[in-house]
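For reference, the chains in residue letters:
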Amino acid sequence: MGLVLLKRPPEPTYAWVQATGAASWLARDGAGLVWWEPTKEALIVGGWDGGSPAPGQNGQTLYPGRPTTNQIVASSYPFTAWTEVLAHVENPPQTGPGARFFRRHSHGCFVHRHAGTDYLYVIGGDHLCSGFDVFSQGPSRGYVCDVWRSADPKNPNGWERVASSDSVGWTGRMLAVHGSHEGALYTVGGQNGLLGAPVGNPVTSFTGPLDPTFYNDVWKSTDGGATYTRILDSAPWSSRGIVGKLLSWRGRMWLLTGGHYPTGAAENGPPYITSNPRTWFREVWSSSDGISWYRHANAPCSPRHYTCVEVWDDRLWIGTGYSNNAINVGDFFSTGDGEKWTNHGAAPFAPGHADGLCATPYGLMHATGNGTLQTGVRDVYLLQRTS
């Protein structure tokens, strides 16, 4: 009997469908976008308005004088109408009635089941959060590293702080990558030292340390985020962060792309500390337990960070981001095995970074992101399978 060759099934095909081209929320990036199954709604959580009004918003920013927010907006299918369900609160209490996380950007935002209950988690953030003027200079060094959750995220009294910025084990960093895998919470990577200016600096009040640290460690929590244990001091992947989240897929946790900021006196200009240049990656790593990591074939995208990533249609997805040639990109890639990737080309919306991406029963949703700040177009799209 001769050799029988099995024909590989064709790759699935997909198409973007616009839900709305004029959503009521204000343009922003670094917001959380998550599907909340109990109410069958998509939620947008927080975000940054770019520090100035986006085109087409009649001079309106998210909150004048404050570039970030803790506002939550929601929409149900067909995602044409969006409603503010929790208004911005500048200094919410941290415990008791009305408790809620401070305004923030580039935070972990995802659903995690703990003790039989589904919670929406909001974890950490970056230098655009409010920690620099409301937190002590204790272990957190001014960075927002707290852990919040809610089983009823639209309820103004439904949020609980599980761990403070000074108490969480991985404190003192920003832009770490967070996720849920096999019943545990994980936090990996991150950095500090973006601005490196001491308190009282006449130019800026940012409190990043002058001795920057770039992390490639792994932390795990099995008690819903109250305590974290460092399970790996130094992963085989180099220090990085700035990715939407860790993904859990086919029994493994996935870390896709990423990078870190340079350090120095300014975010996007000189002087940089030249020994700590900005980095971008297109690497693909996975682990079943956070301790043993395996490097897969690189994704065929340009190296990038501020990447939006998701699991949908039993595939891993990489989309948009800030690439190594210092531009926003708008292409999408997916894989059904973690090794062979399909390039789905450019999406019909503006290239961006720090975009929102989430799996819904109606398709893979894209909303918010830096493209909305550049263009003022507040569109919502769904990627749907066509074959």
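Whatever comes next refers back to the structure up there.
So, here is what we can say about the structure in this document. By convention here, each chain's residues receive numbers from 1 onward along its written sequence. Restriction of local features to residues with pLDDT of at least 70 applies here, the model being predicted, together with a cutoff of 80 or more for giving and counting side-chain atom pairs; totals for whole chains, interfaces and linings are based on all residues. No hydrogens and no water enter the side-chain calculation; it runs on all heavy atoms of the structure.

### Thoughts on the environment of G158
We count a stretch as a helix when DSSP gives it H or I for four or more residues in a row; a strand needs E for two or more, and each element gets its number in order from the N terminus. Within the element layout of this structure, G158 appears in the loop between β8 (147–150) and β9 (160–163). For the pair G158 and R100, spaced 58 residues apart in the sequence, the C-alpha separation amounts to 8.4 Å. Residue contacts are counted whenever heavy atoms from the two residues lie within 4.5 Å of one another. The contacts of G158, once residues within four sequence positions are left out, are R149, S150, A151 and D152.

### Observations regarding the packing of aromatic side chains
Only Phe, Tyr and Trp rings are paired, with Trp represented by its six-membered ring, and only when their centres lie within 6.5 Å; those with planes under 30 degrees apart are stacked, over 60 edge-to-face, the remainder tilted. Under the counting rule described, the total for this entry stands at 21 aromatic pairs. With a centroid separation of 5.1 Å and 80° between ring planes, the pair formed by F101 and W159 is classed as edge-to-face. Remark: W159 occurs in the loop between β8 and β9 and F101 occurs in the loop between β5 (83–86) and β6 (108–114); sequence separation between them is 58 residues. Relative accessibility under 20% of the residue-type maximum defines a buried residue, over 50% an exposed one, and the middle range a partly exposed one, all with a 1.4 Å probe and only protein chains included. Look at F101 and you get buried, because its relative accessible area is 0%. For W159, a relative accessible area of 4% puts it in the buried group. Linked through ring pairs, W16, F332, F349 and Y381 together constitute an aromatic cluster. Counting as a charge over the ring demands two things of the Lys NZ or Arg CZ atom: a distance within 6 Å of the ring centre and an angle within 35 degrees of the ring normal. One cation-aromatic arrangement involves R149 over Y119; the distance from NZ or CZ to the ring centre is 4.4 Å.

### What about unusual backbone geometry?
Of the consecutive residues Y77 and P78, the connecting peptide bond is found in the cis state with omega at 15°. Note on placement: P78 falls in the loop between β4 (68–75) and β5. Residue I242 is not a glycine yet carries a positive backbone phi of 60°. The exposure class assigned to I242 is buried, which follows from its relative accessible area of 4%.

### Considerations on the nonpolar core
Take the buried residues of types Ala, Val, Leu, Ile, Met, Phe, Trp, Tyr and Cys, join any two whose side-chain atoms come within 4.5 Å, and each joined set is a nonpolar core. In terms of nonpolar packing, the biggest core is built from 26 residues, with W237, L255, L256, W293 and W341 touching the most fellow members. When residues of this core are traced back to their parent elements, those giving at least two are β11 (184–188), β14 (247–249), β15 (252–260), β16 (279–287) and β20 (315–323). The greatest single-element share of this core, amounting to 4 residues, is contributed by β15. Excluding residues within four positions of it along the chain, W341 makes contact with L256, V284, A297, N298, A299, P300, L316, I318, F333, S334 and T335. Within the second largest apolar cluster, 20 residues are counted, among which are L185, Y228, Y261 and A354.

### Some words on the layout of surface pockets
If a probe as big as a water molecule is rolled over the atoms, it shows which places are left empty. By volume, the largest pocket is sized at about 520 Å³. Lining the largest pocket are 23 residues, and of these F110, V111, H112, S180 and K245 lie nearest its centre. For the lining of the largest pocket, the secondary structure elements donating two or more residues are β2 (32–36), β6, β10 (177–181), β14, β19 (308–312) and β23 (356–360). The element contributing the most residues to the lining of the largest pocket is β6, with 5 residues. Here the lining of the largest pocket is built from residues that sort into 13 nonpolar, 5 polar and 5 charged. A pocket here means an open set of points on a 1 Å grid, computed over the protein atoms alone, that has protein on both sides within 12 Å along at least five of seven lines. A cavity is instead a set of points where a 1.4 Å probe fits but cannot get out; residues with an atom within 4 Å of a point line either one. Grid points are joined across faces, edges and corners, and a volume is the space filled by probe spheres set on the points. Only Asp, Glu, Lys and Arg are considered charged, only Ala, Val, Leu, Ile, Met, Phe, Trp, Tyr, Cys and Pro nonpolar, and every remaining residue, Gly among them, polar.

### A short note on the sheet that holds strand β3 (residues 41–48)
Note on pairing: DSSP must find at least two bridges between two strands before they are called paired. Spatially, the 4 strands line up as an open sheet ordered β2-β3-β4-β5, and their pairing is antiparallel. Of all strands in the sheet, those bounded by a partner on one side alone are β2 and β5. This sheet shows a mean twist of 30° between the axes of neighbouring strands, independent of strand direction. Pairing between β2 and β3: 5 bridges, direction antiparallel. Bridge assignment links V34 to a residue of β3, and that residue is L43. Geometry is summarised by axes, namely lines fitted to C-alpha atoms with helices restricted to the contacting stretch, and by angles between N-to-C directions that run from 0 to 180 degrees.

Just geometry here; none of it tells us what the structure is for.
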